[in-house]
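Structural overview
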Amino acid sequence: MTSKNFLFTSESVTEGHPDKVCDQISDAILDEFLTKDPQSRVAAETTATTGMVLVCGEITSNCYVDIPHVVRKTVRNIGYAGSAGGGFDCDTCAVLTSIDEQSVDIAGGVNKALESRSENADTSSSETENIGAGDQGIMFGFACNETPELMPLPISLAHKLSYRLARVRKEGILNYLRPDGKSQVTVEYVDGKPSRIDTILISTQHAAEINGISDNSKIQAIIRQDLQHCVIDYVFEKEAIKPDSETKILINPSGRFVVGGPQGDSGLTGRKIIVDTYGGYSRHGGGAFSGKDPTKVDRSAAYAARYVAKNIVAAGLAEKCEIELAYAIGVAEPVSIFVDTFGTGKISDDEISKIVRDNFDLRPAAIIADFDLRNLPAKNGGKFYQKLAAYGHVGRTDLDLPWEKLDKVENIKKSASSICALC
């Protein structure tokens, strides 16, 4: 961003959005396989449309998983059941599966890295395997000091609105709401820092009638009043920057939202990757997360990049930090590590890059071991990755995520002090 004064917008979607339905199904399948067999290789893709869910992909495992059962259970928990499902029903939709095993060519490079093990950064990893990256690609991680969780303010607020929208539906506070919904927040930045809330947008699926009222204009008036009080006011009560008299608030601007979910629009795994990360405020490598086991660096390395960036910002080395990691399939070491602090660094980006290399082991096996990525589903009652599949994979304060920990801050500060002492 070159201008210091600008508007920036990020969106979030509820767990009932058709793309998020698919993400959650894919990750629920992953959870089930890893719970039963932590060494499972999973690449599960899901698509959903009116009356149908299709699961396809490549899975290699020593266990059996009843995929249709997982699909129906996931859809039911989201809220698509019976008349409350808004036209999509977990019990009557068709569930189709088309699953192959992981390619032996891919498995050969992943099971054992092509290069010999190198002595890398100081790491607590006790895992001795030297697996290669599951694919080539680039992954980005980001952190900034705009919020306590070190996330950009627009996506942080958008997620909170979507999460609250789902809560008031599930808890029966607004029982006419249906599972599909979206939020969007535009923040005005002055001198590069959040200054005010310019626009708040919420679109929510709802019943055709509310308390016997069928007139749409009256229905929308009820929804606007209820969402203002139960969602917007609730979320912003504890926020430092609040809507003001000039903030534009748009609720169901299309005028009506009865048909939604997979009936209103087809869903697909991996089609909300910007919602999953930083709301567009940071770059994205293009790879999706959901349905992929930890050997896929699209997922595990993106978590690691967030971990690095967050600890750099928390250590006070920069106000903003973006990390790019790049991998080659079958090769353990990243082919490149790039640091960008957007001119906010207390030391040079090159010096921060050296600190990263000295303090973080970014080989896939080390990431998997340090975050315990294979065992997290079993340790969380068989449901871990599915919880990430809505409301963001990073910056979560409601979940205990290993890549959100700040346990490298002191080491980073010591490394920075040593560099400054040599200057």
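These figures come from a predicted structure and were not determined experimentally.

**Comments concerning the pattern of salt bridges**
Applying the stated criterion across every chain yields a total of 27 salt bridges. Residues E239 and K160 are paired through a salt bridge, measuring 2.6 Å at the closest nitrogen-oxygen approach. Residue E239 is located in the loop between α5 (216-236) and β8 (243-251), and its partner K160 is located in helix α4 (residues 153-170); the two are separated by 79 residues in the primary sequence. Among the residues examined, E239 registers a relative accessible area of 14% and is labelled buried.

**Some remarks on a negative patch on the surface**
A surface patch of like charges, here negative, comprises E45, E58, D100 and E101. With respect to the helices, strands and loops of the structure, D100 is situated in strand β4 (residues 94-100). Classification of D100 by relative accessible area gives exposed; the value is 52%.

**Quick word on the pairing of β8**
For strand β7 (residues 193-206) and β8, the ladder comprises 5 bridges, and the chain directions are parallel. Considered in β8, the bridge of I200 is made with I249. As for the winding sense of the linkage, the β-α-β connection from β7 through α5 to β8 is right-handed.

**With respect to the side chain of T277**
As for its placement among the helices and strands, T277 is situated in the loop between α7 (273-276) and α8 (297-314). Under the relative-accessibility criterion, T277 is labelled buried at 5%. In this structure T277 touches M151, I155, H284, F289 and V394, once residues within four positions along its chain are discounted.

**A short note on unusual backbone geometry**
At D191, a position not held by glycine, the phi torsion is positive, near 55°. Checked against the element boundaries, D191 lands in the loop between β6 (177-190) and β7. On the basis of relative accessibility, which here comes to 52%, the residue D191 falls in the exposed class. The phi dihedral of N252 falls on the positive side, at around 50°, and the residue is not glycine. Its location among the elements puts N252 in the loop between β8 and α6 (261-264).

**Brief notes about the sheet that holds strand β3 (residues 52-60)**
Judged by pairing direction, the sheet is mixed, and its 4 strands sit side by side in the order β4-β3-β2-β9 without closing on themselves. Unpaired on one side and paired on the other, β4 and β9 (267-268) mark the two borders of the sheet. The sheet strands contacting helix α2 (residues 67-78) are β3 and β4, and the helix crosses β4 at an angle near 130°.

**Some points on the sheet that holds β7**
One open sheet holds the 4 strands; their spatial order is β1-β6-β7-β8, and the pairing between them is mixed. Among the strands making up the open sheet, the edge pair consists of β1 (6-13) and β8. Sheet twist, expressed as the average angle between the axes of neighbouring strands with direction ignored, equals 20°. As paired strands, β6 and β7 are joined by 11 bridges and run antiparallel to one another.

Conventions we followed
- Residues numbered from 1 in each chain as written.
- Predicted model: local features only at pLDDT ≥ 70, side-chain atom pairs only at ≥ 80, totals over all residues.
- Heavy atoms only, no water.
- Salt bridge = Lys/Arg side-chain N within 4 Å of Asp/Glu carboxyl O.
- Helix = DSSP H or I, 4+ residues; strand = E, 2+ residues; numbered from the N terminus.
- Buried < 20%, exposed > 50% of the residue type's maximum accessible area, 1.4 Å probe, protein only.
- Patch = residues over 30% accessible without salt bridge, like charges linked within 9 Å, V, L, I, M, F, W, Y side chains within 5 Å.
- Areas by Shrake-Rupley, 256 points an atom, 1.4 Å probe, with all protein chains shown as cover.
- Lys, Arg positive; Asp, Glu negative; His and termini not counted.
- Charge placed at Lys NZ, Arg CZ, Asp CG, Glu CD.
- Pairing = 2+ DSSP bridges.
- Right-handed = clockwise from strand over helix to strand, strands pointing away.
- Contact = heavy atoms within 4.5 Å.
- Axes fitted to C-alpha atoms, helices over the stretch in contact; angles between N-to-C directions.

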